[in-house]
Amino acid sequence: MIISDILMPVMDGFQLCRMCQEDDRLSSIPFVFYSASYTERQDQEFGLGMGAVRFIVKPMDPDEFLKTIREILKDYENGLLLPSALPVDKDEDTFLKGYSGRLIRQLEKKVEDLEESNKALMKSEADLKDLFESFVMAMVNALEAKSRWTTGHSRRVAHYAEQLALEIDLGPAEIAEVKMAALLHDIGKLGLKDNILDKPSHLTEEEFRTVKEHAALGAEILHDIKPLRHITPSIRHHHEKSDGSGYPDGITGRDIGLFAGILHIADSFDAITSDRPYRSSLSKEYAVEELKKFSGKQFDPVLVDAFLRVLDNGFRCIKFNTMRIMIQGLMKVEKI
Ligand SMILES: [Fe+2]
């Protein structure tokens, strides 16, 4: 049995069928067309008219396909298949030419439809990305609007974290992830009372205990937002210290994670160099001394060295849209 498609390289299925019918060695072999659904009724009639025993339109259920094939073989064995001795139709060439034209037009239409669908898909993906970006920035704005002491903090920490990630040669996707985590690292502070955030003097022990809850709370808030779920460990651990004296889990060294370690340095540097409710901003030089002093105790020493290089050499230009890369990465994760 010969089972042939129609649209094929070198020669199409009609030409193949015609050649088989004209060849004494092949003409008695049952010829079956198996072609896509865009073939029209007249193509089927034409194929059968050439001597094919069946014209099966794709797609066909596999079981049904096998059943059909078995029936044809049985008829063949029992001599029930009609002899395929149809003479070559004088209009055959005209039909074949017309067929090619129709096929090309149908394919062109299919390509056009696909291009249209693709454009619509790209637009809806872009809309979705814009929406997600706006949503993240709305959360950041909500936090920064909560208190004048939080204004600008998330964006500055994101900037320092991004520069540090660049300095230690992380790739664009990782830099984007660090940046997103940095933008949202203090989101748990949305759950804190304003009088604690704005308190113009040092916090009591009880108040400080409440403030510490913001790290775990931030991770919990984002955990319910599926695309952001995988950045929650860095947010939970952005106040952990290398010697285990941090919070909320008191973990040490590598357990803290690279991204949380980056956030901790960026966050601490900005906290020192910005005004606080209970003190004015301190100098960059003082912050550098603090980083050095607590390197290996509070901060990862490799990251401290890298951040000091960033401060010495100046900030570098980031040549890609980190937010967009991050959102693209998140959407891929979601699709999987
Ligand atoms: Fe924090």
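Computed from a predicted structure; not experimentally measured. Note that residues are indexed from 1 along each chain, following the sequence as it is written. Owing to the predicted nature of the model, reporting of local features is limited to residues with pLDDT of at least 70; listing and counting of side-chain atom pairs is limited to 80 or more, with chain, interface and lining totals taken over all residues.

Strands are runs of DSSP state E lasting at least 2 residues, helices are runs of H or I lasting at least 4, and numbering of each runs from the N terminus. A count of helices and strands for the chain gives 13 helices and 3 strands. Think of it as a crowd count around each C-beta: if 20 or more other C-beta atoms lie within 10 Å the residue is buried, if 12 or fewer it is exposed, and in between it is partly exposed, with C-beta placed from the backbone throughout. A burial count over the chain gives 26% of its 336 residues as buried. By sequence separation, contacts in the chain at least 24 residues apart represent 61% of the contacts at least 6 residues apart. The contact rule is simple: place each C-beta atom from the backbone, and if two of them lie within 7 Å, those residues are in contact.

On to the UniProt feature "modified residue: 4-aspartylphosphate" (unreviewed entry) in the chain. UniProt positions are given in the numbering used here, feature names are shortened, and annotations may be inferred rather than shown by experiment. Under the UniProt annotation, the feature "modified residue: 4-aspartylphosphate" (unreviewed entry) is placed at D5. Checked against the element boundaries, D5 lands in the loop between strand 1 (2-4) and helix 1 (13-22). Residues in contact with D5, not counting those within four places in the same chain, are G13, Y34 and S35.

For the rest of this paragraph, the subject is helix 10 (residues 258-273). For helix 10, with 16 residues, the first-to-last C-alpha span of 23 Å sits near the 22 Å given by 1.5 Å per residue. Burial runs high along helix 10: 12 of the 16 residues are buried. All of the buried residues along helix 10 are F259, A260, G261, I262, L263, H264, I265, A266, D267, S268, F269 and D270. Those residues of helix 10 that are buried lie in contact with helix 5 (153-167), helix 6 (172-183), helix 9 (232-236), helix 11 (284-293) and helix 12 (301-313). For a helix, the expected span equals 1.5 Å multiplied by the number of residues minus one.

For the rest of this paragraph, the subject is the sheet that holds strand 2 (residues 31-35). Any two strands are treated as partners once DSSP identifies two or more bridges connecting them. Across the sheet, 3 strands lie side by side as 1-2-3; this open sheet has parallel pairing. The sheet is open, and its two edges are formed by strand 1 and strand 3 (54-57), each paired on a single side. Put simply, the sheet's adjacent strands are angled 20 degrees from each other on average, direction ignored. Summarising the sheet, strand 1 and strand 2 pair through 3 bridges and their orientation is parallel. By the bridge assignment, S4 is partnered in strand 2 with F33. Fitted lines through C-alpha atoms give the axes, limited to the stretch in contact for helices. The angle between two N-to-C directions lies from 0 to 180 degrees.

On to the nonpolar core, then. We define a nonpolar core as a collection of buried residues of the types Ala, Val, Leu, Ile, Met, Phe, Trp, Tyr and Cys that are connected via C-beta atoms lying within 7 Å of each other. Counting residues in each nonpolar core, the largest one holds 39 residues, and the members touching the most others are A161, L164, A181, A182, I262, I265 and A266. Once residues lying within four places of it in the same chain are set aside, the contact partners of L164 are I262, I265, A266, L303, A306, F307 and V310.

The terminal C-alpha atoms of helix 6, which comprises 12 residues, lie 16 Å apart, in line with the 16 Å expected from a rise of 1.5 Å per residue. In terms of residue burial, helix 6 counts as a mostly covered element, since 9 of its 12 residues are buried. Listing the buried residues of helix 6 in full gives I175, A176, E177, V178, K179, M180, A181, A182 and L183.

Here the focus is unusual backbone geometry. The amide bond that connects K58 to the next residue, P59, takes the cis arrangement and shows omega of -10 degrees. The residue P59 is located in the loop between strand 3 and helix 3 (62-77) in this model. Residue P248 is reached from Y247 by a cis peptide bond, and omega for that bond is 10 degrees. Mapped onto the elements of the fold, P248 is located in the loop between helix 9 and helix 10. Non-glycine residue V10 carries a positive phi angle of around 70 degrees. Unusually for a residue other than glycine, D169 sits at a positive phi of about 65 degrees.

Across the interface, helix 10 lies against helix 11 with an axial gap of 9 Å and an inter-helix angle of 140 degrees. Relative to helix 11, the element helix 10 lies oblique. Helix-helix and strand crossings are classified by hand; for helix 10 and helix 11 the assignment is right-handed. Facing I265, F269, I272 and T273 of helix 10, the residues of helix 11 in contact are K284, Y286, A287, E290 and L291. Our angle categories are set so that under 35 degrees counts as roughly parallel, over 145 as roughly antiparallel, 65 to 115 as roughly perpendicular, and the remainder as oblique. Definitions for this section: a left-handed crossing has its near helix turned counterclockwise from the far helix by less than a right angle. A right-handed crossing has that turn clockwise.

Further remarks concern the packing of helix 5 against helix 10. The N-to-C vectors of helix 5 and helix 10 enclose an angle of 130 degrees; their axes lie 8 Å apart at closest approach. Relative to helix 10, the element helix 5 is oriented oblique. The way helix 5 lies across helix 10 gives a crossing that is right-handed. Here helix 5 contributes H153, R156, V157, Y160, A161, L164 and A165 to the contact with helix 10, which in turn contributes I262, L263, I265, A266, D267, F269 and D270.

Further remarks concern the environment of F294. If you trace the backbone, F294 turns up in the loop between helix 11 and helix 12. Between the C-alpha atoms of F294 and S242, which are 52 residues apart in sequence, the distance is 9.4 Å.

By secondary structure assignment, the location of S147 is in the loop between helix 4 (92-146) and helix 5. Distance in space between the C-alpha atoms of S147 and L190 is 9.9 Å, their sequence separation being 43 residues. Those residues within four positions of S147 in sequence are excluded, and the remaining contacts are D194, L197 and D198.

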